[in-house]
Amino acid sequence: MKDIDADPLVDRTFTWPGAASPVSLRQVLHYMGNCGLFTREGRPSRVLLTPEARHFLDTDEVDYLTAVLHAHVRFFGETLKVIGEGLTYDELNHIAVDSYGLNWKSLDQVRRRVHWMRGTGMVEYWTNGKITPTKGGLALLSRLSLVRPSDLESQRQAASLAAELPELPRLLAERLNEVTEEELQARKRVLGYIVGGANMTALSRLVDAATASLSRSEFIQFSVEVFEVSKSSAEQSLNTLQGLDLMVQVGPDQFAATDLAAEWFTSGEAVDLIRHLHLNLALLGETLEALESESDSGTLTAILAERYPTSGLTRKDVTARVALLVEAGLAERIGNVTRRTALGTALAGSLPLQQRHDAHQDSALSLAGAVATEDGQRLPLPERLAAEVVSSSTDSANYQRFERALAEAFRYLGADVEVHSGPAKTDMVVTLWLSPASRPRIAVEAKTDGAGLVTDQDVKFMRLSKHRARHHADHTVLIGPGFDTWVSQEADKEGVAVLTAKQLAEAVVRHSETPLYPHELVALLLAGQADALEHTWSETERRTEALALVVNAMWKSANDPADIEFGAGVLDVRDIWRETKASLETPLDKKEIEEALAFLSSPCVAGVLERGGDHAITAPPELIALRLRSLASAIETKAVGTDSLWNTPANAIAASSSSLPDGLPKPNPSSNDIEPAQVRAWAKAEGRPVNTRGRLPESLIREYRQAHGLSTD
């Protein structure tokens, strides 16, 4: 706080007392979260101390600081209340999950709160593993306003009660009444960029400004002045608003708010905005309907993919829709999950929704093939796998279906799978190639339950170690639709990882968008590694996004007449930072931009040239992407092994000797009855990278055969 008070600029480094090297101040603020001590404003971005933070600096009152943190951080002061005469980290975490509805998968969140409490002298950690309150902590406890589990239960009950919706405005009522199934299916998938963010305040100001019509330049000038964004961002926002039917072109270069947008602005109701956006944004109301129970974005993505297989919504798309619903008070976040409010339930039941195509309506869901819809579209493989994993986990009458789904999911994640099942055996063993000297084997125990909850009657922990020994496995993971508290507690004691079907489904979908290597994904199957996996995934996703932002910023500058005249269309690192900072909540830092430029300027990619500290793009983004796809295709074509990328040499030799008894070369399927053009068309429809010419990878041909019910022998 003292450091920030002396220098409020966000884009700089900060050195912790006693640390050897500085870190990004933005990263420090990200870790601090909304703790009530800081606020941001202005451009360049600055961080200021809140009055509460300044009061603490002036008085050094630790009790006051603790109270501020309690007012902004969930389960903070409540920690003091529930520990009583002493609790362990495990016991404290179970209370947070069971009584306060916090969806924590590890002890990290509890540990952080206890460490802060110890820093303020409110609790002590004893050598017997117990956290106990101090006299100061007990004295403060009597002065805090705490949340009780009964209060949360009352909120849950209130959320289940009916709520009264605002009356529909006339024009909007007519439009909702006449919308057709074809129009619902034709809605746009991507929300798009909006200056000021997709929220009531920003959209109200934009619609208000356009009520009396204004020119393109006037709209851009208004956006730049009010929201402090670049002209290119304002232009992009104008396109988004037109796509959402909030603005319409009314002259050669004139734009105005649509009648429906003006009607919403007059009503001022957030519900009316969602009603309007539902007519133009794919599956917005359908996302609200799918929030019938607490769900995270990955689970929601899988549910929507199962119900609407042709929509193509990504996890990022679903997250944007959830943010809109939360902003409008139709949903609420609880930890990492979201649920509908009473108002959201009422609205979900009143909107015209797109017709479902649920997977259970099909006679069977083939993992190797595709779920065909009436218009011939197919559900992409990752979403199909994810939906089947979740659906089969509650199919108690057919446990082998769940095992098959798990095997396919693990193979998709890059694991070698051995299916065993049967008495005194584990269900399957997955092997992950981490390095030439490290290939851990993990025993998988699959549990189905029709009610969605695996209990102590279903798991015999004494047998798990025998299963590991029998199959020479290093670890064990339990997978099922859900687990009760006792199972989770025992698994934690035994060092057994617990993974729900929804978590695995989310990993499959997320892996399809941002693939991880086996040495990174192994954390998914190890006890207590959930936070490490999330950190790795978030960092990888951010690097990917950084690469895309850098490419597009450089291409935009290389085609901007003003930039070309002023600087020949080349950018340095700081220029790129300015161009991209409005696109992310936490703008890219210097290192992230430099890493993206280094990758793009490597000889294999050659998408960027450096000129004395400045950088120039060498080709359109589409061609750079095509170059990267060709590199991927070349690597895949030359990959060793065709049955599994993760086979050990011994397995590969055994497979070769059994399948080729005469020692003759195995025919290439592409030279038999498969047309390469058909394989390429199928791969593009599935979202798979494929070379435009040359020899097709045998692994791709094999998957094509499986998808079309052809022999792979």
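A. Seen up close, the sheet that holds strand 8 (residues 247–249). Taken together, the three strands give an open sheet; going across it, the order is 7-9-8, and neighbouring strands pair in antiparallel fashion. Taken across any chain shown, the strands that pair with only one partner, and hence form the sheet edges, are strand 7 (214–215) and strand 8. With two bridges connecting them, strand 7 and strand 9 (residues 254–257) associate as antiparallel partners. Bridging from a neighbouring strand, Leu214 pairs with Phe255 of strand 9. Of the strands in this sheet, strand 8 and strand 9 are in contact with helix 14 (residues 231–243), which crosses strand 8 at around 100 degrees.

B. Structural detail: the pairing of strand 14 (residues 441–446). For strand 14, the buried fraction is high: six of the six residues fall into the buried class. Alternating positions in strand 14 separate into two faces, Arg441, Ala443 and Glu445 on one and Ile442, Val444 and Ala446 on the other, with burial throughout. Bridge count for strand 13 (residues 428–431) against strand 14 is four bridges, and the pairing is antiparallel. Residue Val429 lies in a different strand from strand 14, and its bridge partner there is Ala443. Here strand 14 runs beside strand 15 (residues 475–480); their pairing, made up of five bridges, is parallel. When the sheet's bridge partners are listed, Ala443 is paired in strand 15 with Thr476. Taken together, strand 14, helix 23 (residues 461–470) and strand 15 constitute a β-α-β crossover, and its handedness is right-handed.

C. Structural view of the nonpolar core. Of all hydrophobic cores here, the largest spans 57 residues; its most connected members are Met247, Ile274, Leu325 and Leu330. With residues near it in sequence (within four places) discarded, Leu325 still touches Ile274, Leu284, Thr287, Leu288, Leu291, Leu330 and Ala331. Val10, Leu49, Leu102 and Leu107 belong to the second largest nonpolar core, which has 38 residues in total.

D. Molecular detail of the packing of aromatic side chains. As enumerated under the stated definition, the model contains five aromatic pairs in all. Aromatic side chains Phe75 and Tyr100 sit 5.1 Å apart centroid to centroid with 55 degrees between the ring planes, which places their arrangement in the tilted category. On the criterion of sequence distance, the pair formed by Phe75 in the loop between helix 4 (62–72) and helix 5 (77–82) and Tyr100 in helix 6 (residues 89–100) is long-range, its members being 25 residues apart. As far as burial versus exposure is concerned, Phe75 and Tyr100 are alike and both buried. Measuring from ring centre to ring centre gives 5.7 Å for Tyr89 and Tyr125, while their planes differ by 25 degrees; the resulting arrangement is stacked. Of this pair, Tyr89 sits in helix 6 while Tyr125 sits in strand 5 (residues 123–125), placing them 36 residues apart in sequence. Over the aromatic face of Tyr89 sits the side chain of Arg111, whose NZ or CZ is 4.5 Å from the ring centroid.

E. The sheet that holds strand 13, seen in detail. One open sheet holds the five strands; their spatial order is 12-13-14-15-16, and the pairing between them is mixed. Edge strands, defined here as strands with exactly one partner in the open sheet, are strand 12 (416–419) and strand 16 (497–500). Here the strands of the sheet are splayed against their neighbours by 25 degrees on average, with no regard to which way each runs. The pairing of strand 12 with strand 13 spans four bridges and is antiparallel. Pairing of Val417 across the sheet is with Val430, part of strand 13. Across the sheet, helix 25 (residues 501–513) lies against strand 15 and strand 16, angled at about 75 degrees from strand 16, the strand it touches most.

F. Structural view of unusual backbone geometry. Look at Phe75: it is not a glycine, yet its phi comes out positive at around 55 degrees. Of the residues examined, Phe75 reaches a relative accessible area of 4% and is grouped as buried. Here His472, not a glycine, exhibits a phi torsion of approximately 55 degrees, which is positive. Residue placement: His472 occurs in the loop between helix 23 and strand 15.

G. Region of interest: helix 29 (residues 573–580). For helix 29, the set of buried residues is Val573, Ile576, Trp577 and Thr580. Across the axial projection of helix 29, the buried residues extend over an arc of 105 degrees, all falling on one side. Two or three places before Arg574, at the opening of helix 29, Asp572 has a side-chain oxygen 3.2 Å from that residue's backbone nitrogen.

H. Seen up close, the packing of helix 6 against helix 7 (residues 108–119). Running from amino to carboxyl end, helix 6 crosses helix 7 at an angle of 115 degrees, the nearest separation of the two axes being 10 Å. By the criterion of interaxial angle, the relationship of helix 6 to helix 7 is roughly perpendicular. The handedness of the crossing between helix 6 and helix 7 comes out as right-handed. Residues Tyr89, Leu92 and Asn93 of helix 6 form the contact with helix 7, whose own contacting residues are Val110, Arg111, Val114, His115 and Arg118. Along the lines of polarity and charge, the residues of the contact of helix 6 with helix 7 split into four nonpolar, two polar and two charged.

I. Focus on the pattern of salt bridges. Under the defined criterion, the tally for this structure stands at 30 salt bridges. For Glu91, the salt bridge is made with Lys130, and the minimal N-O distance between the two is 3.6 Å. Within this pair, whereas Glu91 is found in helix 6, its partner Lys130 is found in the loop between strand 5 and strand 6 (131–133), the two being separated by 39 residues in sequence. Classification of Glu91 by relative accessible area gives partly exposed; the value is 33%.

J. Summary view of the confidence of the model for the protein. Averaged over every residue, the pLDDT of the protein is 83; the share at 70 or more is 85%. This model gives residues 640–672 a pLDDT under 50, and the stretch forms 28 contacts once residues within four places in sequence are excluded.

K. Seen up close, the side chain of Ser297. Note on placement: Ser297 falls in helix 18 (residues 297–307). Judged by its relative accessible area of 18%, Ser297 is buried. For Ser297, the side chain forms a polar contact with the side chain of Arg315, separated by 3.3 Å. When sequence neighbours within four positions are dropped, the list of residues in contact with Ser297 reads Arg315, Val318 and Thr319.

L. Quick peek at the side chain of Glu403. The residue Glu403 is located in helix 22 (residues 399–412) in this model. For the buried Glu403, no salt bridge exists, and the shortest N-O distance to an oppositely charged side chain is 7.4 Å, to Arg404.

M. The arrangement of the environment of His519 in detail. Mapped onto the fold, His519 is located in helix 26 (residues 518–521). Look at His519 and you get partly exposed, because its relative accessible area is 46%. The spacing of His519 and Leu434 is 85 residues in sequence and 4.7 Å in space, taken between C-alpha atoms.

Conventions and cut-offs
Residues numbered from 1 in each chain as written. Predicted model: local features only at pLDDT ≥ 70, side-chain atom pairs only at ≥ 80, totals over all residues. Heavy atoms only, no water. Pairing = 2+ DSSP bridges. Helix = DSSP H or I, 4+ residues; strand = E, 2+ residues; numbered from the N terminus. Contact = heavy atoms within 4.5 Å. Axes fitted to C-alpha atoms, helices over the stretch in contact; angles between N-to-C directions. Buried < 20%, exposed > 50% of the residue type's maximum accessible area, 1.4 Å probe, protein only. Right-handed = clockwise from strand over helix to strand, strands pointing away. Core = buried A, V, L, I, M, F, W, Y, C linked by side-chain atoms within 4.5 Å. Phe/Tyr/Trp six-rings, centres within 6.5 Å; stacked < 30°, edge-to-face > 60°. Lys NZ or Arg CZ within 6 Å of the ring centre and 35° of its normal. Arc of directions from axis to C-beta. Polar contact = N/O pair within 3.5 Å; in protein donor to acceptor, adjacent residues only side chain to side chain. Parallel < 35°, antiparallel > 145°, perpendicular 65-115°, else oblique. Left-handed = near helix turned anticlockwise from the far one by under 90°. Nonpolar A, V, L, I, M, F, W, Y, C, P; charged D, E, K, R; others polar. Salt bridge = Lys/Arg side-chain N within 4 Å of Asp/Glu carboxyl O. pLDDT = per-residue confidence, 0-100. Lys, Arg positive; Asp, Glu negative; His and termini not counted.

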